Structures are given as C-alpha cells and as structure tokens.
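Chain and residue survey
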Amino acid sequence: MHKSVSIALGEVGYLEKQTPENLDDKLANPGEENFTKYARDMAAHPGFYLGNKQGYPWCDVFVDWCFTQAYGVQNARKLLCQPLFSKGAGCRHSFGYFQEAGRLVFFPQPGDQIFFRRNDQICHTGIVVKVEDGLVYTVEGNTSDEDGVIPNGGCVTEKQYPMDSTSIAGYGRPDYSLVNE
C-alpha cells in the first residue's frame, strides 16, 4: 500500500473546524468554516501554494497534505505534478497539472488522485484506496458520508463509486518510481 493511502486512511473521521482552535483534534470544535490542520500545515511550506488556503474548501489541500506527510514537500510536488507557488489547492488546477504532465488517466489504481466533475467543472478530489468488482474506493477530505460526490461536506471519510460513474473526470497518476516506499 502506498504511504499516501495509509496516511489518508488514518485521517478518516476528521471534522473541519468552526474556528482555528483545536485543529489537531479529529472531533473538537466542529463547524462549517473550513478551518483544518491540513491548510495550517501546508501554509508552513513556503511556495507550495500561491497563498494561504485556511478557511477555503479543502479537499485538494487534504490530498496534498497526505502526500507531503508521506514523501516530503519536494517529492510530493513532483508526484502531484505541481510547480512552485501552484494553484494546486484548487482541484481543477491539480487536474490540469496532471493533464499537462501527461499523467491523467481514466482507469484507476490505488494511490491515484481521483477527480470529480459536476456540470463539466472539476469540483472535488480524493485518493484512490482500492479498485475492486467495478468499484473505486476512495478517501476524501471535505466531503460527507452521504452517497455521491459531496464537495465541501466537512469531514474526511471513505467512499465508493462505480468505475463508470459520469461524475468521475479522471485520475492523476503519481509516478511512484520517484520515491522509496
């Protein structure tokens, strides 16, 4: 199992916070204001993003955080195809970075970054955990445990989708050969 997947699974149950208090506690200070430890920690890496992402929708920040925790900042940036000062905290930009790098695919593997669309717009993302029996299993940040694609839902949870779901726009395939696992 890829380290990024293991880290993502360990975050299941985390709730976004109402204020910047208790960011490290999975359950304390729940709210709908998009405050998370993920944005706080990513802000500590100068140049990863083009600005601080605290208080904004955080599904993509969660994915980036899992990769930086697993592989370090420089390797995470390479695996996610993101340049310095990226706009990668926005899932449509992350989708575009994979596309520009020729690493956007349409058949998932564990460790891929999954991208979802709504009305032809990239709207949400997560990490593929496994693929089995025509289903793709994910861990997603800023969603809910309700069925379907729920952007800006407030927690980290596991989900599953039919592989032929029209909500799936594609998968970013990190080049894991660049890192030791």
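Since the model is a prediction, treat every value here as computed from it, not as a measurement. (Residues numbered from 1 in each chain as written. Predicted model: local features only at pLDDT ≥ 70, side-chain atom pairs only at ≥ 80, totals over all residues. Heavy atoms only, no water.)

Turning next to the pattern of salt bridges. For the structure shown, the criterion picks out five salt bridges. Measuring nitrogen to oxygen at the nearest pair gives 2.9 Å for the salt bridge that ties Glu 11 to Lys 37. With Glu 11 in the loop between helix H1 (3-10) and helix H2 (37-43) and Lys 37 in helix H2, the pair connects residues that are 26 residues apart, well separated along the chain. Of the two residues examined, Glu 11 and Lys 37, each falls in the buried class. Measuring nitrogen to oxygen at the nearest pair gives 2.6 Å for the salt bridge that ties Asp 112 to Arg 173. Residue Asp 112 is found in the loop between strand E1 (104-105) and strand E2 (113-118), and its partner Arg 173 is found in the segment after strand E6 (168-172); the two are separated by 61 residues along the sequence. Summarising the burial analysis for this pair, Asp 112 and Arg 173 share the class buried. (Salt bridge = Lys/Arg side-chain N within 4 Å of Asp/Glu carboxyl O. Helix = DSSP H or I, 4+ residues; strand = E, 2+ residues; numbered from the N terminus. Buried < 20%, exposed > 50% of the residue type's maximum accessible area, 1.4 Å probe, protein only.)

Buried together is how nonpolar side chains tend to be arranged in soluble globular proteins. Ranked by size, the top nonpolar core spans 39 residues in total, and within it Tyr 38, Val 61, Phe 62 and Phe 67 carry the most contacts. Mapped by element, the contributors of at least two residues to this core are H1, H2, helix H3 (59-71), helix H4 (73-79), helix H5 (91-100) and strand E3 (121-132). Element by element, the count of residues in this core is highest for H3, at nine residues. Sequence-distant contacts of Tyr 38, defined by excluding residues within four places in its chain, comprise Glu 11, Tyr 14, Trp 58, Val 61, Phe 62, Trp 65 and Val 156. Core analysis: the second largest hydrophobic core is formed by ten residues, Ile 114, Phe 116, Val 128 and Tyr 171 among them. (Core = buried A, V, L, I, M, F, W, Y, C linked by side-chain atoms within 4.5 Å. Contact = heavy atoms within 4.5 Å.)

Bringing a nonpolar patch on the surface into the picture now. Where nonpolar side chains cluster on the molecular surface, the patch consists of Leu 50, Leu 84 and Phe 85 and spans about 330 Å² of accessible area. Looking at the element boundaries, Leu 84 is found in the loop between H4 and H5. Residue classification places Leu 84 among the exposed positions, given a relative accessible area of 53%. (Patch = residues over 30% accessible without salt bridge, like charges linked within 9 Å, V, L, I, M, F, W, Y side chains within 5 Å. Areas by Shrake-Rupley, 256 points an atom, 1.4 Å probe, with all protein chains shown as cover.)

Looking now at the packing of H1 against H3. One can describe the packing of H1 onto H3 by two numbers: an axis separation of 8 Å at closest approach and a directional angle of 120 degrees. Accordingly, the angle class assigned to the pair H1 and H3 is oblique. For the element pair H1 and H3, the recorded crossing hand is right-handed. Each of Lys 3, Ser 4, Ile 7 and Ala 8 in H1 lies in contact with H3, whose residues at this interface are Phe 62, Trp 65, Cys 66, Phe 67, Gln 69, Ala 70 and Tyr 71. (Axes fitted to C-alpha atoms, helices over the stretch in contact; angles between N-to-C directions. Parallel < 35°, antiparallel > 145°, perpendicular 65-115°, else oblique. Left-handed = near helix turned anticlockwise from the far one by under 90°.)

Moving on, we get to the side chain of Asp 64. Structurally, Asp 64 is set in helix H3. Buried within the structure, Asp 64 lacks any salt-bridge partner; Arg 77 is the closest side chain of opposite charge, at an N-O distance of 9.1 Å. Within polar-contact distance, the side chain of Asp 64 engages the side chain of Tyr 49 at 2.5 Å. Each residue touching Asp 64, except ones within four places of it in the same chain, is listed here: Met 42, Phe 48, Tyr 49, Leu 80, Gln 82, Gly 88 and Ala 89. (Lys, Arg positive; Asp, Glu negative; His and termini not counted. Polar contact = N/O pair within 3.5 Å; in protein donor to acceptor, adjacent residues only side chain to side chain.)

Attention now moves to the sheet that holds strand E4 (residues 135-143). The sheet built from six strands is open, its strands ordered E1-E6-E2-E3-E4-E5 with antiparallel pairing. One side of each edge strand has no neighbouring strand; the edge strands of this open sheet are E1 and strand E5 (155-162). When E1 meets E6, the two strands line up antiparallel, connected through two bridges. Each residue of the ladder has a partner; that of Val 105, found in E6, is Tyr 171. Here H1 sits on the sheet and contacts E3, E4 and E5; the angle it forms with E3, its principal contact strand, is near 105 degrees. (Pairing = 2+ DSSP bridges.)

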